[in-house]
Amino acid sequence: MVSLRFLLCFLFVSSVYATIVSHDGRAITIDGHRRVLLSGSIHYPRSTPEMWPDLIKKGKEGGLDAIETYVFWNAHEPTRRQYDFSGKLDLIRFLKTIQDEGLYGVLRIGPYACAEWNYGGFPVWLHNMPGMVFRTTNKAFMDEMQNFTTMIVDMVKKENLFASQGGPIILAQIENEYGNVMGPYGESGKSYIKWCANMAQSLNVGVPWIMCQQNDAPQPMLNTCNGFYCDDFVPNNPNTPKMWTENWTGWFKQWGGKNSHRTTEDVAFSVARFFQRGGTFNNYYMYHGGTNFDRTAGGPYITTSYDYDAPLDEYGNLNQPKYGHLKQLHDVLHSMEKILTYGNISTIDFGNSASATIYRTKEGSSCFFGNGNENSDATISFQGESYVVPAWSVTILPDCKNEAYNTAKITTQTSMMVKKPNEAEDTPSTLKWSWRPENMDNFLLKGKGESTQTQLFDQKVVTNDQSDYLWYMTTVKFKKRDPFLGKNMSLRVNSTAHVLHAFVNGKHIGNQHVENGKFNYVFEKDVKFKSGRNVIALLSITVGLANYGAFFESKPAGITGPISITGRNVDETIVKDLSAHKWSYKTGLNGFENQLFRTESVSKWSVESVPFNRTMTWYKATFKAPLGNDPVVVDLLGLGKGTAWVNGNNIGRYWPAFISSENGCAAKCNYRGPYHAEKCLTNCGEPTQRWYHVPRSFLNAEGDNTLVLFEEMGGNPSLVSFQTTRVGSVCANVYEKNSIELSCDRKPISAIKFASFGNPYGNCGSFEKGTCESSNNTIDILTQECVGKEKCSIDVSTEKFGAPDCTGSVRRLAVEAIC
Ligand code: GAL
């Protein structure tokens, strides 16, 4: 009887709080109402739990309805059936943080993620299971995928986190972009997708399932779009709403690559166009990109920073004007929710890529005026009024009369971020270093590892990806009179190792790293071998495992061979193939095994003659945490390549010695025309990544903190310094009759550096006066209104600034304020 009452009570409670999420041809419906949904990707392990509330809150204030995340299988199940949901991996805590902020959640279980995440999110032990092939009708794979997916669903259900249970999660995703790579899987690929759909469906999550880029998504799976533009997208089923799961707000970075920038105008244009053309769900990928801590960066060659030029920068600061301009767009779209989702749609084509779309209900109408022309502005005449729509922009008129928003007219400030020295240190730039060498004697001189084989193995097979490092070692004997000796000899290694260090008889004979995209190469160095026993020790290093493409799991890693010694003289070349020699293997390095990065590590460190440019060297220094709350970074300029830890927390791989190529950066960036990842690049000829994020929660606010570096190639640590990032100055360049808010992000505005009302030109940091300017002292007016305040709001009007004669151009205010 008691249990029956309990059950009834439970049913009653869940029916009161449950949210019914469904969909029809037009939109996702929540409790029967069609919704306009704006969502943003934030991946929980790319920040820390301490950062989550602030990031999610900023998402909400930025006008988002939902936060989207993948689930990262390899992080949660690093060893088969041993799980980790601690710290940054506390998925449930992340979802509850979303719930606490009153936002919805979109859970992309995958479990294939891609995401520039190591091995696309798959554990390497999975690859090493017998007969394994990923993402096809392979029984072993399907069993493991089902096991993990079910476990995640059960965990989430147990906490009542699906909307059907009263929780925040309104959508779940199975697989990811399989449609883009499915060709090579043939018929099995088609069966696999059906199996995925059935398996997902059988888990009864009570909310719709989505599949990105899956044109044959079986019902009731919802096929959704990913890309820079999705206004053309038509889902495969007329009953599926038009949804966009990845609107790429920028792009990721690879070692040797440059910083990508997708302009604010273009992101806004893509979103507005999508809603103009019937879209109802848009998710920004990424809204906050964050950091690839530890060894989570995918590959090959994804950098530690995953900033992505997202609306929130790597450290969680507002990336302005992107954040603010999109917030305004979200507010306008939300204000039209009913008309957009219930209205009848009609379109007028004006030619030359200009069009008007009118959404009409009995209560009213809303309009979009779109101009997809890259070069010319359009003048649209509509209901007796005339509207200028700039090239490559969309104007939104919630009442079909008044322009509320244009994607190319930014009225949000631009924030210029700066790095400040660590004020907690008296002499901030001179850390006191101690050091010790990586102990490699067993490998370099003895060639002694943990296992031997007469074969060269793929690195993943040996290491299970427990480390970036794998030693391949062998010994070669030469008799005194060996015809080889005395000739010009070289060691030749066919390799796919991302980085390779070669040692012969304890001597470092050289290293090589691959060029991005050219992952097969030959390393060849002249070597003097001696008579008797020679030890060849090759250290192969991975920099993130492949995360994309059909059958990406079997892309080679490490030294694939052949390996040979060549002896040459004038008339003869002799080749000795070592590939089937006895090779001894050792995963990882000693210093990692002995946890030299731990603060409590008791190993000996020396403060004497701290070496520069020494390969395989450990460095350690203590420092004080920078004062205040601004995000902290460590500047690793001068170093080569390696790994850094702060108080034992791995902050990721560093490689400032990897200089981005000189070509391809644009002095000017034109938002007009289709964006692609090679457009609007910066950072040419500079270290690919110089600054590394140190989340505040890794630091002791009082007392000492420890930085440990493992330097693999050789570098100079004397320039290493801790800094904070914050807004340095803010700018605006706004047309008359708009208003602008200037804000130094909770710090007072200290001065107005430039201000002109007329036709000023240039960019933030380099504004110049134009040919007309008001006679009122604009700097004085703004100084009065803004200096000393954390923010100020300015109406850009002739009443305030005077009326300069700018015949032929619309008057503008340009201002630069110092924070
Ligand atoms: C998509 C993928 C994402 C991410 C993105 C590029 O293809 O679904 O996970 O990898 O590309 O950043």
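So, here is what we can say about the structure in this document. Being a predicted model, the structure only gives us computed values, none of them experimental.

## Re the site of the ligand
Logical step 1: Looking at the ligand, there are 15 residues lining it, with Tyr70, Ala115, Glu116, Glu177 and Tyr308 nearest.
Logical step 2: Here Ala113 contributes a backbone N or O atom positioned 3.1 Å from an oxygen atom of the ligand.
Logical step 3: The separation between an oxygen atom of the ligand and a polar main-chain atom of Ala115 is 2.8 Å.
Logical step 4: Among the residues forming the shell around the ligand, the class breakdown is ten nonpolar, two polar and three charged.

## As for the side chain of Thr395
Logical step 1: With respect to the helices and strands, Thr395 occurs in strand E17 (residues 393–397).
Logical step 2: With a relative accessible area of 1%, Thr395 lands in the buried category.
Logical step 3: If we ignore the near neighbours within four places in the chain, the residues touching Thr395 are Cys367, Phe368, Phe369, Val389, Glu403, Tyr405 and Asn406.

## Notes on the environment of Phe369
Logical step 1: Mapped onto the elements of the fold, Phe369 is located in strand E14 (residues 365–371).
Logical step 2: Distance in space between the C-alpha atoms of Phe369 and Gly279 is 15 Å, their sequence separation being 90 residues.
Logical step 3: For Phe369, the contacting residues outside a window of four places in its chain are Ser355, Ala356, Ile380, Phe382, Tyr387, Val389, Ser393, Val394, Thr395 and Leu397.

## A few points about the packing of helix H6 (residues 139–158) against helix H7 (residues 186–202)
Logical step 1: Between H6 and H7, whose axes approach to 11 Å, the crossing angle comes to 30 degrees. Comparing the axis directions of H6 and H7 gives the class roughly parallel. The way H6 lies across H7 gives a crossing that is right-handed. Side by side, H6 and H7 meet where Phe141, Met142, Met145, Gln146 and Thr149 of the first sit next to Tyr192, Trp195, Cys196 and Met199 of the second.
Logical step 2: Classifying every residue of the contact of H6 with H7 by side-chain character gives seven nonpolar, two polar and no charged.

## A look at the pattern of salt bridges
Logical step 1: This structure, assessed with the given rule, holds 39 salt bridges.
Logical step 2: Lys586 is the partner of Glu450 in a salt bridge, and the nearest nitrogen-oxygen pair spans 3.4 Å. Taken together, the residues span a long stretch of sequence, with Glu450 in the loop between helix H11 (441–444) and strand E21 (451–453) and Lys586 in strand E30 (residues 583–587) at a distance of 136 residues.
Logical step 3: Three or more residues are tied together by salt bridges with common partners; here these are Glu77, Arg80, Arg81 and Glu144.

What counts, and where the lines are drawn
- Residues numbered from 1 in each chain as written.
- Predicted model: local features only at pLDDT ≥ 70, side-chain atom pairs only at ≥ 80, totals over all residues.
- Heavy atoms only, no water.
- Near = heavy atom within 4 Å.
- Polar contact = N/O pair within 3.5 Å; in protein donor to acceptor, adjacent residues only side chain to side chain.
- Nonpolar A, V, L, I, M, F, W, Y, C, P; charged D, E, K, R; others polar.
- Helix = DSSP H or I, 4+ residues; strand = E, 2+ residues; numbered from the N terminus.
- Buried < 20%, exposed > 50% of the residue type's maximum accessible area, 1.4 Å probe, protein only.
- Contact = heavy atoms within 4.5 Å.
- Axes fitted to C-alpha atoms, helices over the stretch in contact; angles between N-to-C directions.
- Parallel < 35°, antiparallel > 145°, perpendicular 65-115°, else oblique.
- Left-handed = near helix turned anticlockwise from the far one by under 90°.
- Salt bridge = Lys/Arg side-chain N within 4 Å of Asp/Glu carboxyl O.

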